[in-house]
Each structure stands twice: as structure tokens, then as C-alpha cells.
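For reference, the chains in residue letters:
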Amino acid sequence: MSASVIFEPLQFRNLTVKNRVFRSSLAGRFNNYDGTGTQIHINWDLKFARGGVGAIISSNAPVHPRGLIVPNYAHIDRDETVPFWRELVQRVHEHDCKYIVQLAFSGRQRDLGGIQFEKGWSSTDKQEPIHGLECERMTIPQIKDLVQRFAQGARRAREAGADGVEIHGCNGYLITQFLSAAINDRKDEYGGSLENRARFALETVRAIRAEVGRDFHLQFKISAVDYGNDLFFWWSKGTTLEESIQVCKWLEEEGVDAFHVSSGNSFPHPRNPAGDFPLDDVVRGYDTMISSGSHTFRNYLIFRFWPLNAIFRWLWRRPSRDRIEGINLRDCRAVKDAVSVPVLCTGGFQTASVVAAAIERGDCDGVTIGRPLIANNDLVLLWQSGADRPPRPCTYSNKCLINQIENPLGCYEQSRFDSHEEMIEQVLSVYDPPQFRSP
Ligand SMILES: Cc1cc2nc3c(=O)[nH]c(=O)nc-3n(C[C@H](O)[C@H](O)[C@H](O)COP(=O)(O)O)c2cc1C
Ligand code: SF4
């Protein structure tokens, strides 16, 4: 299998990307508490632009301060944020790499809500089930206002020179909370039938199109299947593939230019990012969240003590035991067969022949990569030089994910490094160059 198909340009309606590899969103706490951006965030994204990806999808950028998942992510919720995004986009463009801003709102799924708003907004007023995070059911005026905030976020991204936006419509965040019958218990026009549950997403796309017109790239990241009972069989399954396919068809009619296929109705979820549940790192970091929700102290005890922690880890790893690389390809193929716009797939990709085969088969038009690019920032250049897989691949340990709640985002899998010092040097390299430099 030749890898050359990976290096063919991908043509969207309003955007051409030089190859088929996108850096997926990778949020780290690199910014200021108020959501204003920093040089450190720019350093982070430049690592991947230099490494040869065709486009970068930003970390989730809240369109409203109430929608943050964890403080210190870069927001796009007010016009004063535009100069930061403009500088970031310009620096990324210098590497012949496109930049897509991910517009996001957390809803009830917030790891650390921050000091501004005690409770998240959601389609429901039921607690988030994993950590027991409290939320408020959104009123109709709040829904209408938030739809416009997404549109304003898209306008700011365009003003900043970005090449497009992605709506964060997956993984248990607000749009999933509307789409999923396992979560959405509303009795009004935003709940009940699939059409009603999809209304918020469709109105958001319509509002963005009204604000930015038809000539600005707009893609939608969707969990094709909720797999809501993957961890505990007694939980509700949630959105099915058939339902998502219908939603994608409606979204395409409203003007979505591409889909990005993920899975799961929570974040994290056993299938996203698929792999291990690193107990030692979880115990070290979860204390940060103990005061966040009503189940967090109970969870901490489960994660800490044997045999409950071993049982939890076993349950977590079960859905991805047979396959991590390309775990979403089957669902992605079903979406691709139903729509006429390009479809991207996320989930575990780090082998050139696997990616090339997926594109050749028509399972997807391109792939997005997260953790394997944290592990090997230059993965695309490695493939270009003829390697099928990096010498020290990502182990899917998920230690990066767990650490980023209280530590800088980077690879924390020590087995990939010659020493602890080497690993820490890699993590801290994101602070170079620093925000302020001597003249
Ligand atoms: C540390 C970390 C942060 C992430 N942040 C986001 C995010 O802000 N928005 C999003 O849609 N997905 C986010 N993801 C999910 C990734 O974009 C990606 O879809 C997922 O990790 C599966 O791809 P991978 O196996 O290549 O990592 C994050 C994943 C990790 C590991
Ligand atoms: S810590 Fe490193 S090896 Fe583990 S999942 Fe993250 S990037 Fe991959």
C-alpha cells in the first residue's frame, strides 16, 4: 500500500488542505484565566504546523464564558480575543498549514467550572452522571442567545483570518446534550423527537451561515454513536448511527461543508480517546476535581483502591480492546456513504498504511490526529520520509489527557523516553520561546 494518497490535497467547498492529515483539537491549559490567549498556546500549535499537518483544528474555544470546560483555554467569546487568534493563525500559516477554530460550549460537562458561573447550562437539569456536576436547564431565550454567540464566534474566527470553523458537536458537550435522548429530557421544541433534539445544532449552523455567508468553511464534529452504555450496561445507549446519519443530512442541507466523526456521549469515554485508564496518574490528578461534583470523592476512592480500581480500568479498556487505530472508521464510513461532503475520522491513527488504506477504501477523506501527534509532533514528516510508523509510537496510555487537568499538556509516557528528565524537557518545551523576551 502506497502512502501517497495521504499527501494528496483535500478539496472542500471553500478550502483546500495540502494533505489528508489534520491535527485534532488538543486542549491544554496554556492561556490566561480569563480566556485571553498567550504565546504558550501559539508555541503549542506551531509544534504541529512545523510537523507537516495540512491543517490544525484549535482546542475547544468557548463562545461564552459559561461554556468553559476548564479555565485557561483560549476563548472566542468577545471581540478583544480576535488579535490573539489573528497572531496565532498568521504564525501557523507561515508553515503552509491551515487553521480551523473549534467553536465550543461545555454545558453540564465541565471538569472545573471556574469562579464565574457555579453551574453549567444544559438541555436538562439532571446532573452529569460521571462526576455528578450540577447544571441548569436552559431557557428558550438562553438557547436563542447562545445560538447567536456561536455565530459571533464564527465571525471573529473569520476576522482573525482563520480558514474555517468547526462546531464542537460531540463527546458529551452541549450539542450532544441536546442531540442525545439519553440526556435531553425537554418537553418543548428542543426535546423529544429527533427533529426537536437536532434543532439547536441546526439553528446554530443557520445562524453561522447568516453571519459569515456561504464562502467560509464550516465543519461539524459529531459523535456518530453515543455508546452511552459502554461503561455500565444499565446506562442508556443514547444516539444511534441511524439517528446521526439523519442529523448529518439535515446539517448538510443547512450548509455544513464537512463532518468530523468521533464517538461517545461523554468526555473522556472508553472509545474517545480510546486506550488505557492510567490509574496512578488519575489518582495524582483527580484531587483537583474532588470539590467539583457530588460523585467525585466517591470516584476518587474507586480510582485509588484495589479491587474497585482494577474493575473500573478493565471496564474502561474493554470497548477498545480489539482496535484503537481507526476505532471510528466503521461509523465514519456509514456517515460518508450518506452525505456528499468530505468526512474526516478521528481515533488512534499513527500508521501510514492504515490511514492510506482507509482513504483508498473510501471510509474517510482524511484523518484527524491527537495523541499520536503529541507523542511525535513530526509524524507526518516521518511518513513522508517513508516510515510507516514512528519508532516510539503513542501507547494510548492517556497519561497526557489525565495530566492536563493540573499539569502542562505533553506526553507523560515515560517508556517512550530514555529518562524522566528527557520526558519533562519535552513537556516543558512548550514554554520556549517565553511570553516575554529580553530585547
Ligand atoms: C489532551 C486532549 C485534549 C483534547 N481536547 C479536545 C478538544 O478541545 N476538542 C475536541 O473536540 N476534542 C478534544 N480531544 C479529542 C481529540 O481531538 C481526538 O478526537 C481524540 O483524542 C481521538 O484521537 P487520537 O486517538 O488521535 O488522540 C482531546 C484529546 C486529548 C487527548
Ligand atoms: S501520554 Fe504519550 S503515549 Fe500516552 S497517550 Fe498521551 S501522547 Fe500517547
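In the block above lies the structure referred to throughout.
Colleague: Could you give me a rundown of the overall build of the protein chain, with the residues and numbers involved?
Modeller: When you go through the protein chain residue by residue, the secondary structure sums to 16 helices and 13 strands. Against the globule reference of 22 Å for 439 residues, the protein chain gives a C-alpha radius of gyration of 20 Å, in line with a compact fold. Its C-alpha atoms give the protein chain principal-axis dimensions of about 55 × 55 × 50 Å. Counting across all 439 residues of the protein chain, residues that qualify as buried make up 52%. Residue pairs in contact within the protein chain that sit at least 24 positions apart in sequence constitute 72% of those at least 6 positions apart.

Colleague: Lay out the site of ligand 1 in plain terms, naming residues and giving numbers.
Modeller: Surveying the vicinity of ligand 1 reveals 24 residues, the closest of which are Ser24, Ser25, Asn60, Pro273 and Gly370. Put simply, the parts of the chain that give the shell around ligand 1 at least two residues each are helix H13 (371-375) and helix H15 (399-403). When grouped by side-chain class, the residues that make up the shell around ligand 1 number 9 nonpolar, 13 polar and 2 charged.

Colleague: Explain helix H2 (residues 82-93) to me, using residue names and the numbers behind them.
Modeller: The end-to-end C-alpha distance of H2 is 16 Å, a good match for the 16 Å that 12 residues give at a rise of 1.5 Å each. When we look at burial in H2, the residues that qualify are Phe84, Trp85, Leu88, Val89 and Val92. Each buried residue of H2 sits inside an arc of 125 degrees when the element is viewed along its axis, so together they form one side. Against the buried residues of H2 lie helix H1 (39-50), strand E4 (55-57), strand E6 (98-104) and helix H3 (140-159).

Colleague: Lay out the environment of threonine 139 with the relevant residues and their values.
Modeller: Mapped onto the fold, threonine 139 is located in the loop between strand E8 (135-137) and H3. For the pair threonine 139 and aspartate 188, spaced 49 residues apart in sequence, the C-alpha to C-alpha distance is 10 Å.

Colleague: Talk me through the site of ligand 2; I want residue IDs and the actual numbers.
Modeller: In the vicinity of ligand 2 lie 14 residues, with Cys394, Ser397, Cys400, Cys411 and Glu413 positioned nearest. For the shell around ligand 2, the secondary-structure elements that each account for two or more residues are H13 and H15. Tallied by class, residues from the shell around ligand 2 come to 7 nonpolar, 3 polar and 4 charged.

Colleague: Help me get a handle on the pairing of strand E13 (residues 366-369), residues and values and all.
Modeller: Burial along E13 is two-sided: Gly366 and Thr368 and Val367 and Ile369, pointing in opposite directions, are all buried. Strand direction decides the pairing type here: strand E3 (residues 21-23) and E13, joined by 3 bridges, are parallel. If you follow arginine 23 over to E13, its bridge partner there is isoleucine 369. Here strand E12 (residues 343-346) runs beside E13; their pairing, made up of 3 bridges, is parallel. Residue leucine 344 lies in a different strand from E13, and its bridge partner there is glycine 366. With helix H12 (residues 352-361) bridging E12 and the parallel E13, this β-α-β connection has right-handed handedness.

Colleague: Describe the packing of H3 against helix H6 (residues 199-212), and please don't skip the residues or the numbers.
Modeller: Where H3 meets H6, the closest approach of the two axes is 8 Å, and the angle between their N-to-C directions is 40 degrees. In terms of their interaxial angle, H3 and H6 are classed as oblique. Like other packed secondary-structure pairs, H3 and H6 cross with a definite hand, here right-handed. Judged by residue contacts, Ile143, Val147, Gln148, Phe150, Ala151, Ala154, Arg155 and Arg158 of H3 engage Phe200, Glu203, Thr204, Ala207, Ile208, Ala210, Glu211 and Val212 from H6. Taken together, the residues of the contact of H3 with H6 break down into 10 nonpolar, 2 polar and 4 charged.

Colleague: A description of unusual backbone geometry should follow, citing residues and the corresponding values.
Modeller: Phi is mostly negative for residues that are not glycine, and the peptide bonds are mostly trans. Cis geometry is found at the peptide bond from asparagine 272 to proline 273, where omega equals -10 degrees. Residue position: proline 273 is located in the loop between strand E11 (258-262) and helix H8 (279-286). A positive phi is found at asparagine 72, a non-glycine position, where the angle reads about 80 degrees. Tracing the sequence through the fold places asparagine 72 in the loop between strand E5 (61-62) and H2. With a phi close to 65 degrees, asparagine 398 is a non-glycine residue in the positive phi region. Mapped onto the secondary structure, asparagine 398 falls in the loop between helix H14 (379-384) and H15.

Colleague: Got a sec to walk through the environment of aspartate 388? Specific residues and values, please.
Modeller: Within the fold, aspartate 388 resides in the loop between H14 and H15. For aspartate 388, a count of 15 C-beta atoms within 10 Å puts it in the partly exposed group. Between the C-alpha atoms of aspartate 388 and serine 2, which are 386 residues apart in sequence, the distance is 10.0 Å. Dropping the residues within four chain positions of it, aspartate 388 is found in contact with Thr351, Ala352 and Ser353.

Colleague: Tell me what's going on with the packing of H8 against helix H9 (residues 296-304), and back it up with residues and numbers.
Modeller: Two elements in contact, H8 and H9, have axes whose closest approach is 9 Å; the angle formed by their N-to-C orientations is 150 degrees. On the basis of the axis angle, H8 is roughly antiparallel to H9. Between H8 and H9 the crossing geometry is left-handed. Contacts between H8 and H9 involve Leu279, Val282, Val283 and Tyr286 from the former and Asn299, Tyr300, Phe303 and Arg304 from the latter. Across the contact of H8 with H9, the residue classes tally to 6 nonpolar, 1 polar and 1 charged.

Rules of the game
Residues numbered from 1 in each chain as written. Chains lettered and ligands numbered in written order. Predicted model: local features only at pLDDT ≥ 70, side-chain atom pairs only at ≥ 80, totals over all residues. Helix = DSSP H or I, 4+ residues; strand = E, 2+ residues; numbered from the N terminus. Rg over C-alpha atoms; globule rule 2.2 N^0.38 Å. Buried ≥ 20, exposed ≤ 12 C-beta atoms within 10 Å, placed from the backbone. Contact = placed C-beta atoms within 7 Å. Near = placed C-beta within 6 Å. Nonpolar A, V, L, I, M, F, W, Y, C, P; charged D, E, K, R; others polar. Expected span 1.5 Å × (residues − 1). Arc of directions from axis to C-beta. Pairing = 2+ DSSP bridges. Right-handed = clockwise from strand over helix to strand, strands pointing away. Axes fitted to C-alpha atoms, helices over the stretch in contact; angles between N-to-C directions. Parallel < 35°, antiparallel > 145°, perpendicular 65-115°, else oblique. Left-handed = near helix turned anticlockwise from the far one by under 90°.

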